[in-house]
Amino acid sequence: MKMLVQDPCLVDAAQRALADPSLSSARRRQLLGLLGAAGLAALAPMGGARADTSRIVVCNWGGDAIKHQPTVWGKPFERATGTRVEFDGTGPSFGKIRTMVESKNVVWDVCDANLAAAHSLGKRGYLEPIDYQVVDRNKVRPGFSSEYGISHFIYSFVLAYDKQAFGGRTPSTWADFWNTEDFPGTRILPDRVLATLEAALMADGVPADAAKLYPIDEKRALAKISEIKDNAIFWKTGAESQQLLRQGEATMGLVWHTRAVVMRREPGSRIDFTWNQGVLIPAGWLVPKGNPAGRKVFDFIASTQSPESQLELLRLMGNGPANPAANALVPAELRRDNPTDDENFARQVVADYIWHGDNQDRIYNEYVKVITG
């Protein structure tokens, strides 16, 4: 490995191979891995003369996103610019981005994450600032953009439930979720703190008001989670949350609204959900520091601000449009699935991404102790 890194002829050959527009994503990642940190230092960072502008690599969380984002955002950008857009569905976790940047082995140009991740990674020096000379900050709601991230769609954590499980009663609050006497059965919650802490506090009587919820009373939230952990399964993936509800292993769940929408749309479905006390999350594009495509990535980000494309993602996946102009285009039959519809938006709490970006990694360790203890 060390000889490969230090041999200038091999580095040059690898650079020529990486410039080949026909190179597959897998082969590209393999070459970058072989080059290592020293060899990658010879490759140009953001905006450098050797930036690979022939392609843009987008990392998302797989599932429906890997199926629909290429159609809605990738192909139109390719047709308009001639730049190929490739998608990697392995998930842009904090750890992966940090490792790539520290080793100068960055293979992603833009990541489908959220503003909390953008805040956390950006302040640590792992991200490029968003170029607001290219990307239009006015095409998102106030507070849905930051120095290192800008929202491209909206998702929510909502209370989903089995309509046939409670003898005609319908749960509508997190207090109902915690009430296993009147609403019996197993609950499912995420194995992460985002939205779980907020739901716990609302269940404990804190009003559904961001001014009352933040800064989060960590001890109070964790104590409330401890009360229900023996009646709960903590899901790791959206697919797992769907499976547990579909198969009747749980009667209620704190889940992504996009998964709840899919389940509600299924013929003969027993699953419904409420927007009441939902926790709304601005998903966000973020750009790893030293991304291979350089500044061209911001042209791609700007293209995803199209209200028509965001409306199509709402139709296909239930993703809420980040561009407020898209809401005027939403047909009546899709409004019930849209987290940014005025009526649905008003019933939810917008997560404080700065608080989460500053605190959730630290609190996660305490959360794990509670749910596994």
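Keep in mind the model is a prediction, meaning the values are calculated, not measured.

Below, the discussion takes up the overall build of the chain. Helices and strands together make up the secondary structure of the chain, namely 17 helices and 11 strands. For the chain, buried positions account for 55% of its 373 residues. In the chain, of all internal contacts separated by at least 6 residues, the share reaching a separation of at least 24 is 73%. For the chain, the accessible surface area stands at approximately 15,800 Å², while carbon and sulfur atoms represent 51% of it.

Before going further, it helps to spend a moment on the packing of aromatic side chains. Evaluation of the coordinates by the stated rule reveals 14 aromatic pairs. Ring geometry for Phe177 and Trp178: centres 5.4 Å apart, planes at 50°, overall tilted. You'll find Phe177 and Trp178 in the same group, each marked buried. Among the aromatic side chains, those forming a connected cluster through ring pairs are Phe153, Tyr155, Phe157, Trp235 and Trp256. Stacked on the ring of Phe345, the Lys or Arg Arg141 has its end atom at 4.4 Å from the ring centre. In this arrangement the basic side chain of Arg187 is found over the ring face of Phe177, its NZ or CZ atom lying 5.7 Å from the centre.

Bringing the pairing of strand β5 (residues 150–162) into the picture now. Taken across its 13 residues, β5 has 13 buried, putting it largely inside the fold. Sheet topology note: the β5/strand β9 (residues 271–288) ladder contains 10 bridges and is antiparallel. The residue of β9 that forms the bridge with Tyr161 is Asp272. Where β5 meets strand β10 (residues 320–321), two bridges bridge the pair, whose relative direction is antiparallel. Paired with Phe153 across the strands is Pro321, a residue of β10. Pairing geometry for β5 and strand β8 (residues 252–256), over five bridges, is antiparallel. Following the sheet pairing, Val158 is matched in β8 by Val255.

Confidence in the prediction for the chain averages 89 pLDDT; 86% of positions are at 70 or higher. For residues 1–13, every residue scores under 50 in pLDDT, and the model assigns this stretch 15 contacts once sequence neighbours within four places are set aside. Below a pLDDT of 50 lies the segment residues 34–50, which in the model reaches 42 contacts outside its immediate sequence neighbourhood of four places, other chains included.

Let us look at the layout of surface pockets. By volume, the largest pocket amounts to about 1,300 Å³. Residue composition of the lining of the largest pocket, by class: 21 nonpolar, 12 polar and eight charged.

Let us look at empty space enclosed by the protein. Applying the stated rule across the entire model yields three cavities of 30 Å³ or more. The computed volume of the largest cavity comes to approximately 40 Å³. Lining the largest cavity are Asn114, Leu115, Ala116, Leu194, Ile281, Pro282, Ala351 and Tyr353. A breakdown of the residues in the lining of the largest cavity according to their chemical character gives seven nonpolar, one polar and no charged.

This part covers the nonpolar core. Val110, Phe157, Trp178, Leu197, Ile225, Phe300 and Ile301 are the most contacted members of the largest nonpolar core, which totals 83 residues. Sequence-distant contacts of Phe157, that is, excluding residues within four places in its chain, are made with Pro190, Leu194, Ala195, Trp235, Leu254, Val255, Trp256, Gly278, Val279 and Ile281. With 17 residues, the next largest nonpolar core counts Cys59, Met100, Val101 and Ala113 among its residues.

Let's shift gears to the packing of helix α6 (residues 115–123) against helix α17 (residues 353–372). Packing of α6 against α17 leaves a shortest axis separation of 7 Å and a crossing angle of 60°. Where α6 crosses over α17, the two elements pack in a sense that is right-handed. Between α6 and α17, the residues in contact are Leu115, Ala116, His119, Ser120 and Lys123 and Tyr353, Ile354, His356, Gly357, Asp358, Gln360 and Asp361, respectively. Grouping the amino acids of the contact of α6 with α17 by side-chain chemistry returns four nonpolar, five polar and three charged.

The first and last C-alpha atoms of helix α4 (residues 64–81) sit 25 Å apart over 18 residues, in line with the 26 Å expected at 1.5 Å per residue. If you look at α4, its biggest bend is around 45°, right at Pro70. When α4 is considered as a whole, its buried residues turn out to be Ala65, His68, Gln69, Pro70, Val72, Trp73, Gly74, Phe77 and Glu78. Where α4 ends, the next residue or the one after it, Gly82, has phi of about 80°, a positive value.

Parameters and conventions
Residues numbered from 1 in each chain as written. Predicted model: local features only at pLDDT ≥ 70, side-chain atom pairs only at ≥ 80, totals over all residues. Heavy atoms only, no water. Helix = DSSP H or I, 4+ residues; strand = E, 2+ residues; numbered from the N terminus. Buried < 20%, exposed > 50% of the residue type's maximum accessible area, 1.4 Å probe, protein only. Contact = heavy atoms within 4.5 Å. Areas by Shrake-Rupley, 256 points an atom, 1.4 Å probe, with all protein chains shown as cover. Phe/Tyr/Trp six-rings, centres within 6.5 Å; stacked < 30°, edge-to-face > 60°. Lys NZ or Arg CZ within 6 Å of the ring centre and 35° of its normal. Pairing = 2+ DSSP bridges. pLDDT = per-residue confidence, 0-100. 1 Å grid on protein atoms, 1.4 Å probe; cavity = no way out; pocket = protein on both sides within 12 Å on 5 of 7 lines; lining within 4 Å. Points joined across faces, edges and corners; volume = space filled by probe spheres on them. Nonpolar A, V, L, I, M, F, W, Y, C, P; charged D, E, K, R; others polar. Core = buried A, V, L, I, M, F, W, Y, C linked by side-chain atoms within 4.5 Å. Axes fitted to C-alpha atoms, helices over the stretch in contact; angles between N-to-C directions. Left-handed = near helix turned anticlockwise from the far one by under 90°. Expected span 1.5 Å × (residues − 1). Bend = angle between axes of the 7 residues up to and from the residue.

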